[in-house]
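If you want the building blocks of each chain, they are given just below.
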Amino acid sequence: MKYMLIMQLNPAAFDALTDEQRKEIMEGHGAFMDTIKASGEMVETNALGEPSQSAVVRVRDGVPVVTDGPYLESKEFMGGYYIVDCATRERALELAALIPDAGVEGLGIEVRPIIFSAGPAD
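All figures in this text were calculated on a predicted structure; none of them were measured in a lab.

A. The arrangement of the environment of Glu-110 in detail. Structurally, the position occupied by Glu-110 is in strand β6 (residues 108–113). Take Glu-110: its relative accessible area is 27%, and that puts it in the partly exposed class. For the pair Glu-110 and Ile-83, spaced 27 residues apart in sequence, the C-alpha to C-alpha distance is 12 Å. Ignoring sequence-local partners within four residues, the contact set of Glu-110 consists of Met-4, Leu-5, Ile-6 and Gln-8. At 3.1 Å, the side chain of Glu-110 forms a polar contact with the side chain of Gln-8. A polar side-chain atom of Glu-110 sits 2.4 Å from a polar atom in the side chain of Arg-112.

B. Representation of the side chain of Glu-41 within the structure. Tracing the sequence through the fold places Glu-41 in the loop between α2 (19–38) and β2 (42–47). When residues no more than four places from it in sequence are discounted, the contact partners of Glu-41 are Ile-36, Ile-83, Val-84, Asp-85, Cys-86, Arg-91 and Leu-95.

C. Up close: helix α3 (residues 89–98). Turning to α3, its buried residues number three or more, namely Ala-92, Leu-95 and Ala-96. The arc enclosing the buried residues of α3, seen along the axis, measures out at 105°, which places them on a common side. Those residues of α3 that are exposed and aimed more than 90 degrees away from the buried face are Glu-90 and Ala-97. Considering only its buried residues, α3 is in contact with β1 (2–9), α2, β5 (77–85) and β6.

D. View of the pattern of salt bridges. Counted according to the given criterion, the structure contains five salt bridges. Here Glu-94 makes a salt bridge to Arg-91, at a shortest N to O gap of 2.3 Å. Here Arg-91 and Glu-94 lie together in helix α3, a separation of three residues that amounts to about one turn. Here Glu-94 falls in the partly exposed class, since its relative accessible area comes to 44%. The class for Arg-91 is partly exposed, based on a relative accessible area of 21%. Of the charged contacts in the structure, one is a salt bridge between Glu-110 and Arg-112, with a shortest N-O distance of 2.4 Å.

Cut-offs applied
Residues numbered from 1 in each chain as written. Predicted model: local features only at pLDDT ≥ 70, side-chain atom pairs only at ≥ 80, totals over all residues. Heavy atoms only, no water. Helix = DSSP H or I, 4+ residues; strand = E, 2+ residues; numbered from the N terminus. Buried < 20%, exposed > 50% of the residue type's maximum accessible area, 1.4 Å probe, protein only. Contact = heavy atoms within 4.5 Å. Polar contact = N/O pair within 3.5 Å; in protein donor to acceptor, adjacent residues only side chain to side chain. Arc of directions from axis to C-beta. Salt bridge = Lys/Arg side-chain N within 4 Å of Asp/Glu carboxyl O.

Okay, here's the thing in structure tokens:
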């Protein structure tokens, strides 16, 4: 089963970290990627830009309407994600706990099953 491990980022919590703590988190992601590659559970990972760089597209009366910024104002946002393919929900939760962000107050990892996926070859 595939799971999305969503890294929820609270900028205030991240900004409160020291440079050394931020470096440890980044290095921890490298180690986590090595772990899930070695186990064969890694599908992909992506880091996302800040919500201020996003745009929201809505179609109203057949006309696209584009607005800048995030869909909703919130103190947390999706900073990136890993897609993993593992045997059980429990394993997905175990993997989420290995992501360095999970150990930082104010940050967290949301674990969500993927119920459908398709790619260019599908």
